[in-house]
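For reference, the chains in residue letters:
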Amino acid sequence: LLDIGSSLLSGFSETSHTSEEKAIDLREIHIFSSVPKNELKEIEEHVALSKRNPDKLLLKEGEWGSVLFAIRKGRALVFREGDLGQIEELALLKEGDVFGERAVLGEGKRTAHVKSLTPMELYIIPRDIFLKVTRDIAEHSRLSEIIMAANAIQKTEVFSDLPPQMTTKLAS
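Just so it is clear, the model here is predicted, and its values are computed rather than measured.

Before going further, it helps to examine the sheet that holds strand 8 (residues 113–116). The four strands are arranged 3-8-5-6 in an open sheet whose pairing can be described as antiparallel. Strand pairing shows two members of the sheet lacking a second neighbour, strand 3 (57–59) and strand 6 (87–93), which therefore form its edges. When strand polarity is set aside, the average angle formed by the axes of neighbouring strands in this sheet is 35°. The sheet contact formed by strand 3 and strand 8 spans two bridges and is antiparallel. Bridge pairing links Leu57 to Lys115 in strand 8.

As structure tokens, then:
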């Protein structure tokens, strides 16, 4: 498995692809859906496909984030814990959604917890590869602009409670 520096990922199992398995296709993921396949080839070469069991913590708020996750299959809950231990549900993520992008594009710290609700298949995209490729394809797509705009929208007080998929829609 990738050395990404987080004990939270120790329960992931890396999947290798056989001829019978579906190859990695990032166009299954909303933010990549309009990017031509040939432009995604470089990033797909560095993507790991991992499986995760239900009810497992995938990200922990405040930890350093060096990878971006894209959900190929399954559902996850984004939440924060309040000062008194209460759970504040922020978003429900499903196939095609991305999480961990704020840490990858911003200051590097995870802004919320993410927990698997069902069995999951996740694409794991290293930060350096994601940033390089988004810079390279920025001329041909608005991917980088949309992600940065969604991040900025989420940081405003008025929109801070919107789920990530809504801020992405607003940004596009």
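From this point on, the discussion continues.
Attention now moves to the side chain of Arg127. Tracing the sequence through the fold places Arg127 in helix 3 (residues 127–137). Among buried charged residues, Arg127 stands out as having no salt bridge; its nearest opposite-charge side chain is Asp128, 8.0 Å away.

Moving on: a nonpolar patch on the surface. Together, Val158, Phe159 and Leu170 make up an exposed nonpolar region whose accessible area comes to about 300 Å². Along the polypeptide, Phe159 turns up in the loop between helix 4 (143–155) and helix 5 (164–171). Judged by its relative accessible area of 32%, Phe159 falls in the partly exposed class.

The subject of this paragraph is the packing of aromatic side chains. For the structure shown, the criterion picks out one aromatic pair. Their ring planes at 10° and their centres at 5.0 Å tell us that Phe69 and Phe99 sit as a pair that is stacked. Pair noted here: Phe69 is in strand 4 (residues 67–73) and Phe99 is in strand 7 (residues 98–99), with a separation of 30 residues, a long-range link. What makes Phe99 buried here is its relative accessible area of 3%.

Conventions and cut-offs
- Residues numbered from 1 in each chain as written.
- Predicted model: local features only at pLDDT ≥ 70, side-chain atom pairs only at ≥ 80, totals over all residues.
- Heavy atoms only, no water.
- Pairing = 2+ DSSP bridges.
- Helix = DSSP H or I, 4+ residues; strand = E, 2+ residues; numbered from the N terminus.
- Axes fitted to C-alpha atoms, helices over the stretch in contact; angles between N-to-C directions.
- Buried < 20%, exposed > 50% of the residue type's maximum accessible area, 1.4 Å probe, protein only.
- Lys, Arg positive; Asp, Glu negative; His and termini not counted.
- Salt bridge = Lys/Arg side-chain N within 4 Å of Asp/Glu carboxyl O.
- Patch = residues over 30% accessible without salt bridge, like charges linked within 9 Å, V, L, I, M, F, W, Y side chains within 5 Å.
- Areas by Shrake-Rupley, 256 points an atom, 1.4 Å probe, with all protein chains shown as cover.
- Phe/Tyr/Trp six-rings, centres within 6.5 Å; stacked < 30°, edge-to-face > 60°.

So yeah, pure geometry; function would need other evidence.
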